Amino acid sequence: MGSPSTLFLYSPPNISLEARVHRGETFRCSRSFRVLPGLFPAKALFVNRGRLKRLLLLRAASSSKGDVGPGRRVYTESQGQDPLPLGRVKEFAAYAVPAGAFLAITLVLWKLLEKVLPKTSTYSSVASKPSMQGIKWSPGTSVLQGFGAKAGGEPRKMLNHFAKELRSSSRVDISGCNFGDDGLFFLAESLAYNQVAEEVNFAANGITATGLKAFDAVLQSNMFLKTLDLSVNPIGDEGAKCLCDILLGNAGIQKLQLNSADLGDEGAKAIAEMLKKNSSLHVLELNNNMIDYSGFTSLAGALLENDSIQSLYLSGNYCGALGAAALAKGLEGNKSLREISLQGNSIGDEGVRALTSSLSLREGRLQHLDIGNNAITSKGAFHVAEYVRESKSLVFLNLSMNDIGDEGAEKIAEALKQNQSLANLDLGGNNIHAKGASAIAQVLKENSTITKASLEISYNPIGPHGAKALFEVLKSHGNIKTLSLGWCQIGAMGVEFIADALKYNSTISTLDLRANGLGDEGAICLAQSLKVVNGALTSLDLGFNEIRDDGAFAIARALKANEDVSITKLNLASNSISKLGQGVLTDAIDHVYEMTEKEVNIFF
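Starting afresh in each chain, residues are numbered from 1 along the sequence in its written order. Residues qualify for local features only when their pLDDT is at least 70, as the model is predicted, and side-chain atom pairs are given and counted only at 80 or more; totals for whole chains, interfaces and linings, by contrast, use all residues. For the side-chain quantities, the full set of heavy atoms in the structure was used; hydrogens and water were omitted.

Enquirer: Now, about the overall build of the chain: what can you tell me, with residues and values included?
Expert: Going along the chain from the N terminus, every DSSP run of H or I of four or more residues is numbered as a helix, and every run of E of two or more is numbered as a strand. Of the regular secondary structure elements, the chain holds 17 helices and 20 strands. For the exposure calls, accessible area comes from a 1.4 Å probe over protein chains only, and a residue counts as buried if that area is under 20% of its type's maximum, exposed if over 50%, partly exposed in between. Per-residue burial over the chain gives 49% buried out of 604 residues. We call two residues contacting when some pair of their heavy atoms lies within 4.5 Å. The contacts of the chain with a sequence gap of at least 6 include a subset with a gap of at least 24, amounting to 83%.

Now the structure itself:
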């Protein structure tokens, strides 16, 4: 009985023992133990200091007159209490020995059970789950058994909601939820059995190459899915290989989006091999990856064999002049491609020369060419102009954010005189001045096809003289519907020509004049034209123009004065209009609605 874990209870004569267990309390007796009720018999006086961690609190009651006296507090020898008399120790020994034997047997049994029983663990969120690489799904097997049991609370509710959407909706957007590979396995069953889903967006969800294995079973069962967006997921080259193996035998997917997916040359090679055999894919987006010369060469080889791809987006990669030359050879022998985007690939003048030369020779009819932000100068603009002059199919041309200058603008303008197909032209950010703007303006007199949709000249310092040259023509010529002239240094002087032309122009419906330093003077000038009946202009953007209350008051008066005003959208954000000016404009909106029941949306 020398064990420090033995408890002694001292009580007056005629002791009656009563075992009371206090649920949930923690007591300190050399060590702390948690009480578990109903485990020991009432006579037990020992506390095991090992794994069981239980304590029995005994209260002693004595009564010479029938009253229950207060019990003495329990102490251990380690607390320094005087040892009990030997007689009383013997008196309690009869109780202690059987209890000690019982606890020893219990401890042995507990250790045996611990080895036999399996260990379990739970997870409370999707983010803390272990990898599910071992889970395989096939039609008829519930993925919930593998993943659903681990996810609890809000993550599980969210995934269940997604699963429900995937089972019944034709277009599902679950982008930016970061549900990871495990979440994709969880959702795979619902997508596989959906017989109406045509578009699914899984962008930005932390899906890796492991998660893409789920699509093997999905695409075997789902024959209706046509658009799959896996952009902004770190699938890498391994993921591309896995997905391409699945798509080799798939005849449903027509549009595949893998933008910003960490793809390199090996991934591009895998995609190229898939394209050689796949005949259903029409649109492929590989923007903002790390595809270099080798990857472009592989894709060029695929274009020679593929006759179904119609749109290829490769912006924001590492093509360079050599990659452009390699791709050009593939384009030359391909007849199906209608759109190609190579923005931000540093192809330069040599790359654009090789590209446009091959495009001029191909039999296929290219409609969309995007070569913006590629360090193209006036020399490269010459090659572009030659292609534009000969093309009979090109509808959209983007040359923005290059450096063709006035000389390049003049070459493009001259080519447009003979082109009858181009409807959308973007020359923004090309260091074009008034001279280049004047050359473009002259084309508008002769070419009625160009700018049937839009003309973009923003971020060019054309100044007031460039604005004058353009709007003197647009006053009575041209078919422009959308005209963008933001950041063009037009000023209050230049806006006078714009305001005058708007009184007569019947085609411009959207006009962007942001950040041109118009001030109140320019706003007042434009307000005069808004008083005149103009059935075309519906959207006017005057943001970032240093307009104050005087300009706001003038615009408000113009809106009230013109009962036939066609403006439905007016942007005045990022100016210096006070609450008073905003209130006046709000009153004008109410007035227009009361008089005409037309709604004008003004943004401050």
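Enquirer: Can you tell me about unusual backbone geometry, naming the residues and giving the values?
Expert: One non-glycine residue with positive phi stands out, namely Asn 178, at about 55°. Here Asn 178 shows up in the loop between β5 (171-173) and α3 (180-193). For Asn 178, a relative accessible area of 57% translates into the label exposed. Residue Gln 489 is not a glycine yet carries a positive backbone phi of 55°. Its location among the elements puts Gln 489 in the loop between β16 (482-484) and α14 (491-502). Judged by relative accessible area, Gln 489 falls into the exposed class, the value being 56%.

Enquirer: Describe helix α6 (residues 265-277), listing the residues and the values that go with them.
Expert: Helix length check: α6 (13 residues) gives 19 Å between terminal C-alpha atoms against 18 Å at 1.5 Å per residue, within 8%. All buried positions along α6 are accounted for by Gly 267, Ala 268, Ala 270, Ile 271, Ala 272, Met 274 and Leu 275. Buried-residue contacts for α6 involve α5 (236-247), β9 (283-285) and α7 (293-305). Multiplying 1.5 Å by the helix residue count minus one yields the expected span of that helix.

Enquirer: Which residues make up the pattern of salt bridges, and what are the values?
Expert: What makes a salt bridge here is a side-chain nitrogen of Lys or Arg within 4 Å of a carboxyl oxygen of Asp or Glu, nothing more. The final tally for this structure, using the stated rule, is 13 salt bridges. Across the pair Arg 514 and Asp 541 runs a salt bridge whose closest N-O atoms are separated by 3.5 Å. Of this pair, Arg 514 sits in the loop between β17 (510-512) and α15 (519-530) while Asp 541 sits in strand β18 (residues 539-541); the two residues are 27 residues apart in sequence, bridging distant segments of the chain. The exposure class assigned to Asp 541 is buried, which follows from its relative accessible area of 17%. Look at the salt bridges and you will find they share partners, linking Asp 512, Arg 514 and Asp 541 into a network.

Enquirer: Give a description of the packing of helix α8 (residues 320-332) against helix α9 (residues 348-361) that names residues and reports values.
Expert: Packed helices, taken two at a time, are described by their axes: the angle between them and the distance between them. Closest axis-to-axis distance for the α8/α9 pair is 8 Å, and the angle between their directions is 5°. Judged by the inter-axis angle, α8 sits roughly parallel to α9. Mapping the contact onto sequence places Ala 321, Ala 324, Ala 325, Ala 328, Lys 329, Leu 331 and Glu 332 in α8 and Glu 350, Gly 351, Ala 354, Leu 355, Ser 358, Leu 359 and Leu 361 in α9. Structural elements are reduced to axes, namely lines fitted to C-alpha atoms, with helices fitted over the stretch in contact, and the angle between N-to-C directions of any two is expressed from 0 to 180 degrees. Each angle gets one of four labels, with under 35 degrees taken as roughly parallel, over 145 as roughly antiparallel, 65 to 115 as roughly perpendicular, and the rest as oblique.

Enquirer: With reference to specific residues and values, describe the nonpolar core.
Expert: Nonpolar core, defined: a set of buried Ala, Val, Leu, Ile, Met, Phe, Trp, Tyr and Cys residues in which side-chain atoms within 4.5 Å join the residues together. Grouped together as the largest cluster of nonpolar side chains are 141 residues, with contacts concentrated most on Phe 202 and Phe 215. For this core, the leading source of residues is α3, giving 7 residues.

Enquirer: Lay out the packing of α14 against α15 in plain terms, naming residues and giving numbers.
Expert: Direction vectors running N to C along α14 and α15 enclose 5°, while the axes themselves pass 8 Å from each other. Viewed along their axes, α14 and α15 adopt a mutual orientation that is roughly parallel. Mapping the contact onto sequence places Ala 492, Val 495, Glu 496, Ile 498, Ala 499 and Leu 502 in α14 and Glu 521, Gly 522, Cys 525, Leu 526 and Ser 529 in α15. Gly is put with the polar residues, along with every residue not named as nonpolar or charged; the nonpolar set is Ala, Val, Leu, Ile, Met, Phe, Trp, Tyr, Cys and Pro, and the charged set is Asp, Glu, Lys and Arg. For the contact of α14 with α15, the residue count by class is 7 nonpolar, 2 polar and 2 charged.

Enquirer: I'd like to hear about α3, residue by residue, with values.
Expert: The terminal C-alpha atoms of α3, which comprises 14 residues, lie 21 Å apart, in line with the 20 Å expected from a rise of 1.5 Å per residue. Bend is the name given here to the angle between axes fitted to two runs of seven residues, the run ending at a residue and the run starting at it. The sharpest bend along α3 comes to roughly 40°, located at Leu 187. Of all 14 residues in α3, 13 are buried, a share of seventy percent or more.

Enquirer: Any chance you could break down the confidence of the model for the chain for me, citing the residues and the numbers?
Expert: When pLDDT is averaged across the chain, the result is 79; 73% of the residues are at 70 or more. For every residue, the predictor assigns a confidence score, pLDDT, that lies between 0 and 100. Low pLDDT, under 50, characterises residues 1-84; the stretch is placed with 127 contacts to residues that sit more than four places away or in other chains. Here residues 118-152 is a poorly scored stretch, pLDDT under 50, and it has 55 contacts once near neighbours within four places are set aside; other chains count.

Enquirer: I'd like a rundown of the environment of Ala 188, residues and numbers included.
Expert: Counting through the fold element by element, Ala 188 comes out in helix α3. The buried category is assigned to Ala 188, whose relative accessible area is 3%. C-alpha of Ala 188 to C-alpha of Ala 214: the two residues are 26 residues apart in sequence and 6.2 Å apart in space. Those residues in contact with Ala 188, other than ones at most four positions away along the chain, are Ala 214 and Val 218.

Enquirer: Explain the side chain of Ser 566 residue by residue, including any values.
Expert: Of note, Ser 566 is situated in the loop between α16 (549-561) and β19 (569-571). Of the polar contacts made by the side chain of Ser 566, one reaches the backbone oxygen of Leu 537; its length is 2.6 Å. Excluding residues that lie within four positions of it along the chain, Ser 566 makes contacts with Asn 534, Gly 535, Ala 536, Leu 537 and Thr 538. Polar contact is the term for a pair of N or O atoms within 3.5 Å; when the atoms are in protein, one must be able to donate a hydrogen and the other to accept it, and sequence-neighboring residues count only if both atoms are side-chain atoms.

Enquirer: Now, about the environment of Leu 542: what can you tell me, with residues and values included?
Expert: Within the secondary structure, Leu 542 is located in the loop between β18 and α16. Judged by its relative accessible area of 1%, Leu 542 is buried. A sequence separation of 28 residues divides Leu 542 from Arg 514, and the C-alpha atoms of the two residues are 5.0 Å apart. Those residues in contact with Leu 542, other than ones at most four positions away along the chain, are Leu 513, Leu 518, Leu 526, Ile 547, Ile 555, Leu 570, Asn 571, Leu 572 and Asn 575.

Enquirer: Just give me the short version of the environment of Gly 429, but keep the residues and values in it.
Expert: Mapped onto the elements, Gly 429 comes out in the loop between β14 (424-426) and α12 (434-446). Through-space distance from the C-alpha of Gly 429 to that of Cys 488 is 9.6 Å; in sequence the pair is 59 residues apart. If we ignore the near neighbours within four places in the chain, the residues touching Gly 429 are Met 401, Asn 402, Ser 458, Tyr 459 and Asn 460.

Enquirer: Explain the state of the cysteines to me, using residue names and the numbers behind them.
Expert: In this description, the term disulfide denotes a pair of cysteine sulfurs within 2.5 Å. Counted under the stated rule, the structure contains 0 disulfides. Considering cysteine sulfurs only, Cys 244 is the nearest to Cys 242, which forms no disulfide, with 9.3 Å between them. A residue is classified by how much of its surface remains accessible, and Cys 242, at 18% relative accessible area, is buried. The exposure class of Cys 244 is buried, given its relative accessible area of 5%.

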